[in-house]
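Summary of structural features
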Amino acid sequence: MQNAPDAPEPPARKRVLVLAYSQTGQLSAITASILAPLLAEARIAVQVETIRPRRPFPFPWSLFRFLDAFPESAHLAPGEIEAPQFEADASFDLVILPWQVWFLAPSQPVTAFLQHPAARRVLAGKPVVSVIACRNMWMMALEKMKTLLDECGARLIDNVVLTDRAPTFVTLLSTPMWMFTGRRDAIPGLPPAGIAATEIERCSRFGRALRDALLDGRERGQAPLLSGLRAVEADPRLLTSERAGTRSFQVWGTLLRAAGKPGSALRPPLLILYLLFLILMILTVLPISLTVQALIRPLLTDRLAARKAYFEQPSGSGSERLAQYD
Ligand SMILES: Cc1cc2nc3c(=O)[nH]c(=O)nc-3n(C[C@H](O)[C@H](O)[C@H](O)COP(=O)(O)O)c2cc1C
């Protein structure tokens, strides 16, 4: 049946594309919490696109598979994924991109998605809300993500970051053990690995703010939609270690990729060498850089504040709208 000529057009539903890849279910739970208010709103249509690697990554990981994933992760040269399933000419008002960090870079499945021609088409010119959930080292990965989004012609309008709140040296043990055993509480006496359930639940505040912004058409503007919601808290003291790690991943990654493709026989001996180097780095560079920074902190105040502000763009760590949305 056709509308009468003078009947008002029903308002178009806002279309939101959500990417999905999670090994442990942690990022899926965060995404579900953000999406709940959007799914409850009839004027918003949500389409979830699950990223499917052609050669799936195992969970829990074996030590070898874990280490063998580092050269291609760090070099943004991921294993292939299946073609995305959205229609080729699909158009979305907003893209929500939840992603995890692998070896100080966006995870391979997410990188592969952003490098896929179909994804590039659908992301061109679109506002993207990035949601990172990782151990606690994400700043260099965000720089790489910005490049990937630029290459798609997408606009990073917001960035939310969720990290494990335990001290760095605890998470450097508890996260790998979670990856190798599949259990968050694999080490008795240490806090469970990953992001706390209460924090995941509270992510619904981002969904409520996105819902209101979409209904107001604010996704078309330049201002972030999630400011004032404590979206991100950067720890700039970790940047020195992240930079050192990234440099070493570039060098060792080049060596390992020259030795063969993932899974090839020449890589395991080199990976064992690399593992020893990595442990040495974690035991030396990280504590030395944190201690030196603690000693000269008064001299670094301005630089650390500038770095913090830079990495907290665009959503920021302000909390002025928490009362409205939490
Ligand atoms: C291969 C691998 C490398 C990782 N590297 C980092 C890293 O460099 N920095 C970080 O904060 N977390 C790192 N993590 C933790 C992940 O970002 C993520 O929090 C965790 O794997 C949870 O998985 P899910 O989000 O797929 O459910 C790594 C995890 C894996 C499996």
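As the structure is a computational prediction, the values presented were derived from the model and not from experiment.

All told, the structure shown has 17 aromatic pairs when counted by the stated rule. Judged by centre distance (5.2 Å) and plane angle (35 degrees), the rings of Trp252 and Phe277 are tilted. Placement of Trp252 in helix 10 (residues 239-259) and of Phe277 in helix 11 (residues 267-295) is noted, with a sequence separation of 25 residues between them. Classification of Trp252 as buried rests on a relative accessible area of 16%. Aromatic rings pair up to connect Tyr21, Phe57, Trp61, Phe66, Phe70, Trp102, Phe103, Phe180, Phe249, Trp252, Tyr274 and Phe277 into one cluster. The ring centre of Phe92 lies 4.8 Å from the NZ or CZ of Arg15, which sits over that ring.

Viewed as axis vectors pointing N to C, helix 10 and helix 11 meet at an angle of 170 degrees, and their least axial separation amounts to 10 Å. Viewed along their axes, helix 10 and helix 11 adopt a mutual orientation that is roughly antiparallel. Between helix 10, through Thr240, Ser241, Ala244, Gly245, Ser248, Phe249, Trp252, Leu255, Leu256, Arg257 and Ala259, and helix 11, the contact on the second element is made entirely by Arg267, Leu270, Leu271, Leu273, Tyr274, Phe277, Leu278, Met281, Val285, Leu286, Ser289 and Gln293. Taken together, the residues of the contact of helix 10 with helix 11 sort by class into 15 nonpolar, six polar and two charged.

Cut-offs and rules
- Residues numbered from 1 in each chain as written.
- Predicted model: local features only at pLDDT ≥ 70, side-chain atom pairs only at ≥ 80, totals over all residues.
- Heavy atoms only, no water.
- Phe/Tyr/Trp six-rings, centres within 6.5 Å; stacked < 30°, edge-to-face > 60°.
- Helix = DSSP H or I, 4+ residues; strand = E, 2+ residues; numbered from the N terminus.
- Buried < 20%, exposed > 50% of the residue type's maximum accessible area, 1.4 Å probe, protein only.
- Lys NZ or Arg CZ within 6 Å of the ring centre and 35° of its normal.
- Axes fitted to C-alpha atoms, helices over the stretch in contact; angles between N-to-C directions.
- Parallel < 35°, antiparallel > 145°, perpendicular 65-115°, else oblique.
- Contact = heavy atoms within 4.5 Å.
- Nonpolar A, V, L, I, M, F, W, Y, C, P; charged D, E, K, R; others polar.

Keep in mind that these numbers describe shape and distance, not what the molecule does.
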